[in-house]
Amino acid sequence: MQKKEVVAMLLAGGQGSRLGILTKKLAKPAVPFGGKYRIIDFTLSNCSNSGIDTVGVLTQYRPMTLNAYIGIGSSWDLDRAGGGVSVLPPYMREQGGEWYKGTANAVYQNIDFIEQYDPEYVLILSGDHIYKMDYSKMLSYHKSKGAVATIAVIPVPWEETHRFGVMKTDDTGRITEFQEKPKVAKSNLASMGVYVFDWQVLRAYLEADEADPDSNNDFGKNIIPNMLAAGEPMYAYAFKEYWKDVGTVDSLWEANMDLLAKDPELKLNEAGWKIFSLNQTLPPQLVGPEADVQGSLLGDGCLVLGKVHRSVIFTGAQIAKGAEVTESVIMPGVKIGEGATVHKAIIGENTIVEAGAKIGVPPRPGEKADIVNENGITVIEDNVCVPHSMRIVQGTVLSVAEWPAFPEEWIS
Amino acid sequence: MRNLLGIIDLSEHAESLGELAAHRTLGAVPFGGRYRIIDFTLSNMVNAGIRNVGILLNDRFGPLLDHIKDGKEWDLNRQRDGMFLLPAPLRTDSGEGISSNLINLRHNIGYLEKSRQEYALFSGCGMVTNIDYQAVLAFHLEKKADITVIYSQMHNLQEDSPYTALVVDEGGRVTDMALNPRHCTSRKVSLNMYVLRKDLLLNLVDHYSARQKRDLFTDAIMPRLAELRIYGYEHKGYVGAINSLKSYYQRSMDLLKPEVWQDLFFTHGQISTKVKHEPPVRYLPGSKVSNSLIATGCTIEGTVENSILFRGVEVGAGVVIKDSIVMQKAKLGPGVTLRNVILDKDVTITAGKSLAGDPSFPVVISKAAVV
């Protein structure tokens, strides 16, 4: 196999349990985002645009959608004669085999894959972040610092530091202290889950980590602290542009809404940095004579006959006459029936909302509602039908399995 | 359908499309917000399972090649069969022009001979439609026809466009064919698509090209009406005949009817085209869009009514576009007003300009022009 300077390993095996019913049937990186994309498009496009042509995608949880979506990588120009994209699920060996136990173990199990390319560097990426980043610049920084590990960091609000790995650096950018999801943080520089390692050094740490029965086999919990403790030269690479972890319902909804700003921080139409995605072969959207579309983002193949305000409408969705969609994320193939209203909701792929249904309405006085989302975002599962004239109270997270328990008065 | 060979003929006359066809063959004329006219014929063939498609290239095919590349978007970059580009000879023996499908077929006879398929579907590309060719072949076999001509009941035909009228009896047999008849009661119009055995096609090509004939249909098939079993297959779906500027404009506007949009883009499979990876359409607060077809990559803050916007058009606040077709990457300055206008690709309209045509005579601004 042809030698490569750098091989990217994209961690895409997580369930994304905090997205609840949206990841019941698919892995988090395959969740639709931004009117036509899936979350993983951003990372794959970053690789392609950064000139990285060898990418291993580590899959484990519900990989079917992801496998079919990635295919041989042609949509991202990653169908290459040497290298390209390889989907890497766990596999059996002579002595048996096991699931990926953690992020570090997932890479450990694919040492042979990486060794085929005899790389100098390995780039570790997550498949669940929305951002545009030139990894080649980060790699140059890594080389210029003489680092063995470089971690991309971004400042986060102090009250959110407990969700991240945070680090302190000296004046040169060298990491002096690292805390994984701290209760009391000493810094608000958070790890973006994007790492560059000298491959041979990382390999040694992965092997040592695997030999430690008490390890969680995780980059943030084990590999990074171990390297730091051993005094390895590790540097933080500051990233100042848009970056969002879309691992929760709230952040997924927010990140979609971020795209609707008049001058959005994350530009999807930057020349020379296209976000590639699998083409759906659909015609241009048709906006009907009585439609009213404002402050929204709409994908190909949409048919809009009603009102759409401040919403993201994905590929092939249909909004019937008299329907009103506001502040919502309507995923691919969803049909909103005549006169239905949808407010501040995420509607899963191919779900049908029948005529007159009302989604995301305030509870009536004294009404007992099973409110799950504190921010009032209503979530409806994919591939279900919300019956004619049904009322769904704001903040409800609706899975078809729970439907029989729904109170009668909700259908009014 | 592995037994059916597809041949797309690009020798149809496109002069009446004026500026739109000045630098490109008819098949490469942009249509419907993101397509080129050839996309419909190519996609219909592939959707019917045809895996061997030969394209008879004629004149001004540069933009067409840039569009279809190796046929990958239609899944025609195959190890076996796939897409074959069949250029016309640079000059004929008689030194004439080369706008002749018979001469082109004769020139590429080797491709026809070595193709493994028993039947051939020969099609022009001026008819925009979504059609099931499998049903056509089944009809052809059931009727034991020598040639099956696909036709449509066309009531919206332009009086100024060339057409072939058919008379078809109750059994489906074609009893008469006429080219541009001035007095004709039949509205059965040939779609310039026909199915025949490949060996019959080879015979016709050999015989008539050797006798200096030029057009497969009018010179080789029409004179054989009495001796060949020629049947007519009626296609009932939407058909847009693109053969003049006026018809281009009107058939484009047909796409704004949801039933036509649905019929043309979804009935027997989807229509593929070159992928550009444009982001979804951005509608800014204050945008007024109604009855319009909008392709990805557009950003709209102004007013768009009864219009078609191709990919990557920016409509700023105060810009008004009505009853118009705006092709890819047009740049519209502040305060521009368009009505009954067709802007070709990469046109720039500077600030404050107001352009207007008439529904029967849209104004066309040619590619990359600055107004």
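Residues numbered from 1 in each chain as written. Chains lettered and ligands numbered in written order. Predicted model: local features only at pLDDT ≥ 70, side-chain atom pairs only at ≥ 80, totals over all residues. Heavy atoms only, no water.

**What to know about the interface of chain A and chain B**
Thought 1: The interface is formed by 42 residues belonging to chain A together with 38 residues belonging to chain B.
Thought 2: When chain A packs against chain B, close to 3100 Å² is buried across both sides, 54% of that on carbon and sulfur atoms.
Thought 3: On the chain A side of the contact with chain B, T281(A), P284(A) and L286(A) bury the most area, a combined 19% of that side's loss.
Thought 4: E301(B) is the salt-bridge partner of K262(A), the closest N and O atoms lying 2.9 Å from each other.
Thought 5: Between the two partners, chain A and chain B, sit 20 residue pairs in polar contact (both at pLDDT 80 or more).
Thought 6: Its residues assigned to classes, the side of chain A that touches chain B shows 19 nonpolar, 17 polar and 6 charged.
Thought 7: Where strand β14 (residues 285-287) of chain A lies against strand β16 (residues 292-294) of chain B, 3 bridges are found, and the strand directions are antiparallel. If you follow V287(A) over to β16(B), its bridge partner there is S292(B). (Contact = heavy atoms within 4.5 Å. Buried area = accessible area lost by both parts, 1.4 Å probe. Salt bridge = Lys/Arg side-chain N within 4 Å of Asp/Glu carboxyl O. Polar contact = N/O pair within 3.5 Å; in protein donor to acceptor, adjacent residues only side chain to side chain. Nonpolar A, V, L, I, M, F, W, Y, C, P; charged D, E, K, R; others polar. Pairing = 2+ DSSP bridges. Helix = DSSP H or I, 4+ residues; strand = E, 2+ residues; numbered from the N terminus.)

**With respect to the domain arrangement of chain B**
Residues and elements named next belong to chain B.
Thought 1: What the domain assignment reports for chain B is domain 1 (4-266) and domain 2 (282-365).
Thought 2: If you average the C-alpha positions of domain 1 and of domain 2, the two centres end up 32 Å apart.
Thought 3: The contact between domain 1 and domain 2 buries some 1700 Å² in all, and 68% of this surface belongs to carbon and sulfur atoms.
Thought 4: The largest share of the area that domain 1 buries against domain 2 comes from G33, Y249 and L256, three residues that together contribute 36% of it. (Domains from an automatic or database assignment.)

**Notes on the packing of helix α6 (residues 199-211) of chain A against helix α7 (residues 219-229) of chain A**
Residue and element names in this part refer to chain A.
Thought 1: It is the contact of α6 with α7, at a shortest axis distance of 10 Å, that shows an interaxial angle of 120°. Taken together, the axes of α6 and α7 lie oblique to each other. The two elements α6 and α7 meet at a crossing, and its hand is right-handed. For the pair α6 and α7, the contacting residues are V201, L202, Y205, L206 and D209 in the first and F219, N222, I223, N226 and M227 in the second.
Thought 2: In terms of residue class, the contact of α6 with α7 is made up of 7 nonpolar, 2 polar and 1 charged. (Axes fitted to C-alpha atoms, helices over the stretch in contact; angles between N-to-C directions. Parallel < 35°, antiparallel > 145°, perpendicular 65-115°, else oblique. Left-handed = near helix turned anticlockwise from the far one by under 90°.)

**Thoughts on the confidence of the model for chain B**
Thought 1: Taken over all residues, the pLDDT of chain B has a mean of 92, while the share at 70 or more is 96%.
Thought 2: Model confidence for the complex: the whole-complex pTM is 0.93, and ipTM, which rates the interface, is 0.91. (pLDDT = per-residue confidence, 0-100.)

**Details of the nonpolar core**
Thought 1: Grouped together as the largest cluster of nonpolar side chains are 76 residues, with contacts concentrated most on V55(A), M133(A), V194(A), L252(A) and I346(A).
Thought 2: If one sorts the elements of this core by residue count, helix α8 (residues 249-258) of chain A sits on top with 5 residues.
Thought 3: What M133(A) contacts, discounting residues up to four positions off in sequence, is N46(A), S50(A), M138(A), A152(A), M192(A), V194(A), Y237(A), F239(A) and W273(A).
Thought 4: One finds I319(A), L398(A), C298(B) and A330(B) within the second-largest nonpolar core, a separate group that totals 52 residues. (Core = buried A, V, L, I, M, F, W, Y, C linked by side-chain atoms within 4.5 Å. Buried < 20%, exposed > 50% of the residue type's maximum accessible area, 1.4 Å probe, protein only.)

**Thoughts on the sheet that holds strand β18 (residues 307-309) of chain A**
Residue and element names in this part refer to chain A.
Thought 1: Read across the sheet, 6 strands follow the order β15-β18-β21-β24-β27-β30 without closing on themselves; strand pairing throughout is parallel. What marks the edges here is a single partner per strand, and that holds for β15 (292-294) and β30 (391-393). Sheet twist, expressed as the average angle between the axes of neighbouring strands with direction ignored, equals 15°.
Thought 2: The sheet contact formed by strand β21 (residues 324-326) and strand β24 (residues 341-343) spans 3 bridges and is parallel.

**Regarding the pattern of salt bridges**
Thought 1: Across all of its chains, the model carries 37 salt bridges over all chains by this definition.
Thought 2: One continuous salt-bridge network, built from bridges that share partners, spans K4(A), D53(A), D77(A) and R80(A).

**Some remarks on the sheet that holds strand β24 (residues 337-339) of chain B**
Residue and element names in this part refer to chain B.
Thought 1: Strands sit in the order β15-β18-β21-β24-β27 across an open sheet of 5 strands; the sheet is parallel. Sheet topology places β15 (288-290) and β27 (354-356) at the edges, where each strand pairs with a single neighbour. Adjacent strand axes in the sheet meet at a mean angle of 5° when their direction is disregarded.
Thought 2: Bridge count for strand β18 (residues 303-305) against strand β21 (residues 320-322) is 3 bridges, and the pairing is parallel. Following the sheet pairing, V304 is matched in β21 by I321.

**Looking at helix α5 (residues 133-142) of chain B**
Residue and element names in this part refer to chain B.
Thought 1: Of the residues making up α5, those classed as buried are Y133, V136, L137, F139 and H140. Projected onto a plane normal to the axis of α5, the buried residues spread over an arc of 160° and lie on a single side.
Thought 2: On its buried face, α5 sits against β1 (4-9), α1 (38-47), β6 (119-123), β8 (147-153), β11 (188-197) and β12 (230-234).
Thought 3: Two to three positions downstream of the cap, the backbone nitrogen of Q134 sits 3.0 Å from a side-chain oxygen, assigning the N-cap of α5 to D132.
Thought 4: In the stretch just after α5, K144 is the one whose phi turns positive, near 50°. (Arc of directions from axis to C-beta.)

**Some thoughts on the pairing of strand β9 (residues 164-168) of chain B**
Where a strand is regular, its side chains alternate between the two sheet faces.
Residue and element names in this part refer to chain B.
Thought 1: Extensive coverage of β9 is indicated by the burial of 4 of its 5 residues.
Thought 2: Relative to strand β10 (residues 174-179), β9 runs antiparallel, the two sharing 5 bridges. Paired with T164 across the bridge in β10 is L179.

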